[in-house]
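# Descriptive analysis of the structure
Each chain, letter by letter, is given below.
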Amino acid sequence: MTTPPFNLADYIMSLPIILLTLFALGILLIDLVTPKRWKWMNAVTALVGIAFSTGAIVFRSQKALRLSGGSGLLAYSNSMLIDRYALYFWYLFLAAAAISILLSVRYLEIEQENHGEYYALILFSVVGMMCMAAGLDVVLIFIGLELMAISTYVLVGFLRTNRRSNEAALKYLLLGAFSSGIFAYGLSLLYGLTGQTNLIGIAQGLQQRMASGNGHPGPIMVIALLTTATGLLFKIAAVPFHQWAPDAYEGAPTSIAGFMSVAVKAAAWAMLLRIVLIGLGPLRSVYVPLFIFVSIASMTAANLAALTQSNMKRLLAYSSIAHVGYMLLGLVAGTTTQVSVDGIRGILMYLLVYTFMNLGAFGVIASLRQRNVIGDELDDIAGLYYRAPTESVLMLLFLLSLAGIPPLAGFYGKYFIFLSLIETGHYALASLAVIYAVFGLYYYMKIANYIFMREAIDKTRLPLSWGMRAGLGIAAFATVFIGIYPEPFIRTVNWSLGLAQSALVAGLTH
Amino acid sequence: MPQNYVPIFIFIAFIGILIPITLLAAKLVRPDNPSKSKLMPYECGIDPLDSSRGRYTVRFYIVAILFVVFDVETIFLFPWAVRFKALGMYGLVEMLVFLIILIVGYIWIWKKGALEWV
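Residues numbered from 1 in each chain as written. Chains lettered and ligands numbered in written order. Predicted model: local features only at pLDDT ≥ 70, side-chain atom pairs only at ≥ 80, totals over all residues.

## Examining the overall build of chain B
Quick note on the threshold: For helices the rule is a DSSP run of H or I covering at least 4 residues; for strands it is a run of E covering at least 2, with both sets numbered from the N terminus onward. To get the radius of gyration, use the C-alpha atoms; to get the globule rule, take the number of residues to the power 0.38 and multiply by 2.2 Å. To sort residues by burial, count the other C-beta atoms lying within 10 Å of each one's C-beta; a count of 20 or more means buried, 12 or fewer means exposed, and anything in between means partly exposed. C-beta atoms are built from the backbone.
Within chain B, the secondary structure is distributed over 4 helices and 0 strands. Listing each helix as α and each strand as β along chain B from the N terminus yields α-α-α-α. Computed over the C-alpha atoms, the radius of gyration of chain B is 25 Å, more than 25% above the 13 Å expected from 2.2 N^0.38 for a compact globule of 118 residues. Projected onto the principal axes, the alpha-carbon positions of chain B cover approximately 65 × 55 × 25 Å. Across the 118 residues that make up chain B, the buried fraction comes to 0%.

Dropping the structure here:
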């Protein structure tokens, strides 16, 4: 080995990831000498780390990308593709992590589990997510996935003295490990079929095999697709691989349930889109029927199950499964050979608005946690309006946005998805999704009904900490702002997408 | 493609025949007079105390996990040490990155008291 496979330019491109790792390690060390009263400083360190990482994206990665003038820069011997698509997701993960940290500080103090490792683990999982979004090699994607997943397993079980938290962590760990195994099996089959671990190489290999089989995939190719898709669909919690989600969200610390439902899900989506659009691109005619089935199953099962939930975290877990169902429709939109650009734009937009509105909703639940009240049962929030008017109004805002009512952000997520379906002639699917959106309105308004139209059992006012105020404020501002003035955000999504598409085309034509 | 698997099938068939034959031959040839102490599980000549399916203290698991971490470290370090000259500066930097992360973890577990047998 005479020439080193990596050079300094690679490190500069991935500086956001490196900085985040260093800050996470720093938090682990600083926490050892931090006295109990000063534990909140770890959250500040984590936020500074996120700020530095964001700065590194703006002033290093994005600048290098602009100066190169290309569609994306390959780093680390072609295993990392840093294009605008990756940068879009990097910003999204950092924003979600920052809001989650703001929501966590007070919550962890109340739970008396305010250890520095919590923030270090959040940063580590964001490092994993960034590797997933930027990965072009299935090995890097898989390592990123495991780094993210293992950090999340620990975070779910972070309330060590709480039985529900432990149970949730164990369930999530066992099912997650199982699905990772199936996913790795699928990737190994793809490697066996094509002799490549690079997604573009896999696409070329599959293309050749499809061509030599007169457009029919062999049985091994179908098994490879099914196992890979199983792993991916598990991570985004789509029916029938959704069973872990309600249990994990219910038992996890509320701030982590919020983080999981947006950041972990967005990372899984980033990975899914990369693998499905680039690597499995030639198999589109095979995976579209599969995704139609999964999407309808997700919308049906999740919306029906959410109707009867009495625990808010479980309800939001089912609602997040339903949202995954809508988002999957964006991937279905298009012809049997070509994916609809509008559909992908809809998914990216959906993930953006979902990040803010869902984190906001979980944030309000986290803010209800007091010393003796957990605050995640529907009865706990009865008459909340008389005890905490600000949180109540914010919750209403987030719920309406989740239901997709204009002029709030959630509307634009659904709008682009439905638009792409109608444009490509999937009228039945579009109408079905709209009907299920009405179901959604019912159970979101059920929460609002408890908040505004019930008598409060306990009349004490609820205090709102500064971190919570900042986190909820950002989430609410973004939810309203994106809804009223979506222009810059739509432009950002288009900006990020132009290149994901051209990389896909470049990979398939060579 | 399928002909590539022929040696494997021959191999599996060979195992299926050979093992019963060996066991049967041993059964026919060997003298057979078991006693209680002969049938006991053998471990370094110490009498077994109770079932090996019992509960262990959690400290064993911590030691086991820490062992795995440093085991993997050694697996990484050995090939690098063997090819040290060929890998040169690049190998050194990469290994330092790995070791720094590991050392931070080491300091952390040390301070947390995971290395002490409380």
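## Here's the deal with the interface of chain A and chain B
Note the following rule: We call two residues in contact whenever the C-beta atoms placed from their backbones are within 7 Å. Charged residues are taken to be Asp, Glu, Lys and Arg, nonpolar residues to be Ala, Val, Leu, Ile, Met, Phe, Trp, Tyr, Cys and Pro, and polar residues to be all remaining types, Gly included.
Between chain A and chain B, the contact holds 6 residues from the first and 8 residues from the second. Tallied by class, residues from the side of chain A that touches chain B come to 6 nonpolar, no polar and no charged.

## Quick notes on the environment of A:Asp376
Of note, A:Asp376 is situated in the loop between α14 (341-367) and α15 (384-387). For the pair A:Asp376 and A:Met299, spaced 77 residues apart in sequence, the C-alpha separation works out to 24 Å.

## Remarks on the pairing of strand β2 (residues 80-83) of chain A
Applicable threshold: Any two strands between which DSSP finds at least two bridges are classified as paired.
Burial of β2(A) is two-sided: the residues A:Met80 and A:Ile82 facing one way and the residues A:Leu81 and A:Asp83 facing the other way are all buried. Where strand β1 (residues 72-75) of chain A hands over to β2(A), the hairpin turn is made up of 4 residues, of which A:Tyr76 adopts a positive phi near 50 degrees.

## Topic: the nonpolar core
Residue and element names in this part refer to chain A. Here is the rule: To count as a nonpolar core, a set of buried Ala, Val, Leu, Ile, Met, Phe, Trp, Tyr and Cys residues must be joined through C-beta atoms within 7 Å.
Of all hydrophobic cores here, the largest spans 194 residues; its most connected members are Phe93, Ala96, Leu123, Ala266 and Ala267. Counting residues per element, this core draws most heavily on helix α4 (residues 84-111), at 20 residues. Not counting chain neighbours up to four residues away, the residues in contact with Ala96 comprise Phe259, Val262, Ala263, Ala266, Thr355 and Leu359.

## Focus: the packing of helix α10 (residues 244-251) of chain A against helix α13 (residues 312-332) of chain A
Residues and elements named next belong to chain A. Filter applied, for reference: Note on method: axes are straight lines fitted to C-alpha atoms, helices fitted across the in-contact stretch only, with angles between N-to-C directions ranging 0 to 180 degrees. An angle below 35 degrees is treated as roughly parallel, one above 145 as roughly antiparallel, one from 65 to 115 as roughly perpendicular, and anything else as oblique. Working rule for handedness: look at the near helix, and if it is turned counterclockwise from the far one by less than a right angle, call the crossing left-handed; if clockwise, right-handed.
Interhelical geometry of α10 versus α13 gives an angle of 140 degrees and a closest axis separation of 8 Å. Classified by the angle their axes make, α10 and α13 are oblique. Crossing of α10 over α13 shows right-handed handedness. In this structure, α10 contributes Ala245, Pro246, Tyr249 and Glu250 to the contact, and α13 contributes Lys313, Arg314, Leu316, Ala317, Tyr318, Ser320 and Ile321. Residues belonging to the contact of α10 with α13 are distributed by class as follows: 7 nonpolar, 1 polar and 3 charged.

## Side note on the confidence of the model for chain B
Residues and elements named next belong to chain B. Operational definition: By definition, pLDDT measures how confident the predictor is in each residue, and it falls between 0 and 100.
With 96% of its residues at a pLDDT of 70 or more, chain B has an overall mean of 86. Averaged pLDDT values over the elements of chain B bottom out at 78 in helix α2 (residues 36-39) and peak at 93 in helix α1 (residues 6-29). As scored by the predictor, the complex reaches a pTM of 0.89 and an ipTM of 0.81.

## Considerations on the packing of helix α7 (residues 163-194) of chain A against α10(A)
All names here are of chain A. Direction vectors running N to C along α7 and α10 enclose 145 degrees, while the axes themselves pass 8 Å from each other. Our pair here, α7 against α10, has a crossing hand that is left-handed. Judged by residue contacts, Arg164, Ser165, Glu167, Ala168, Lys171, Tyr172 and Leu175 of α7 engage Trp244, Asp247, Ala248, Glu250 and Gly251 from α10. In the contact of α7 with α10, the residues fall into 5 nonpolar, 2 polar and 5 charged.

## Regarding unusual backbone geometry
All names here are of chain A. The omega torsion across Val239 and Pro240 is 5 degrees, close enough to zero to call that bond cis. As for its placement among the helices and strands, Pro240 is situated in the loop between α9 (219-235) and α10. Residue Pro406 is joined to Pro407 through a cis peptide bond whose omega torsion reads 5 degrees. Of note, the phi angle at Tyr76 is positive, near 50 degrees, even though the residue is not glycine. Structurally, Tyr76 is set in the loop between β1 and β2. Given 20 C-beta atoms within 10 Å, Tyr76 falls into the buried group. A positive phi is found at Ala237, a non-glycine position, where the angle reads about 60 degrees. Under the C-beta neighbour-count criterion, Ala237 is labelled buried, with 27 such atoms within 10 Å.

## With respect to the environment of A:Pro488
Its place among the elements puts A:Pro488 in helix α20 (residues 487-509). In the structure, A:Pro488 is positioned 229 residues away from A:Phe259 in sequence and 25 Å away in space, judged by C-alpha atoms.

## Here we look at the confidence of the model for chain A
Averaged over all residues, the pLDDT of chain A is 89; the fraction at 70 or higher stands at 96%. Taken as a whole, residues 499-510 of chain A scores under 50 in pLDDT and shows 25 contacts with residues more than four places along the chain or in a different chain.

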